[in-house]
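Next come the chains, spelled out residue by residue.
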Amino acid sequence: MADKEKKKKESIFDLSKYIDKTIRVKFQGGREASGVLKGFDPLLNLVLDGTIEYMRDPDDQLKLTEDTRQLGLVVCRGTSVVLICPQDGMEAIPNPFIQQQDG
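Report on the accompanying structure. Keep in mind that this is a model prediction, so the values were computed, not measured.

Quick look at the pattern of salt bridges
Enumeration according to the criterion identifies five salt bridges in this entry. With its nearest N and O atoms 3.5 Å apart, the salt bridge here joins Glu53 to Arg31. Residue Glu53 is found in strand β3 (residues 46-56), and its partner Arg31 is found in the loop between β1 (22-27) and β2 (32-40); the two are separated by 22 residues along the sequence. Taking the relative accessible area as the measure of exposure, Glu53 reaches 7% and is therefore buried. One network of salt bridges, with partners in common, ties together Arg24, Lys26 and Glu32.

Remarks on the environment of Lys17
Considering the arrangement of structural elements, one finds Lys17 in the segment before β1. Each C-alpha atom, one on Lys17 and one on Leu37, is 9.9 Å from the other, the two residues being 20 residues apart in sequence.

Digging into the sheet that holds β3
Strand order across the open sheet formed by five strands is β4-β3-β2-β1-β5, with antiparallel pairing between neighbours. Each edge of the open sheet carries a strand with a single partner, namely β4 (64-76) and β5 (81-86). Strand-to-strand twist in this sheet, taken as the mean axis angle between neighbours without regard to direction, amounts to 30 degrees. Strand direction decides the pairing type here: β2 and β3, joined by seven bridges, are antiparallel. Counterpart to Ala33 in the pairing with β3 is Glu53.

Reading the values: the criteria
Residues numbered from 1 in each chain as written. Predicted model: local features only at pLDDT ≥ 70, side-chain atom pairs only at ≥ 80, totals over all residues. Heavy atoms only, no water. Salt bridge = Lys/Arg side-chain N within 4 Å of Asp/Glu carboxyl O. Helix = DSSP H or I, 4+ residues; strand = E, 2+ residues; numbered from the N terminus. Buried < 20%, exposed > 50% of the residue type's maximum accessible area, 1.4 Å probe, protein only. Pairing = 2+ DSSP bridges. Axes fitted to C-alpha atoms, helices over the stretch in contact; angles between N-to-C directions.

Okay, here's the thing in structure tokens:
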């Protein structure tokens, strides 16, 4: 085992461009939160400041309500992160998989 070098795993995400910017995070189980990204590691553990959790509908756990909860400074475990996106600067694009009809 001493002869084998352990290769350090590189993250395919470059989250450094989102440091000190507001991001939205979706987690396994349906929870969603947004906050200012303060730090991260290769396992996608995130540190968010000024975090707001978006509450879910008690009758339909997949539906978000208008209610929010202030969480402040939080550490998000990377294994539960499903999606990370910037809070600002998102725009809808046409679906590239739908074939355009001529005529």
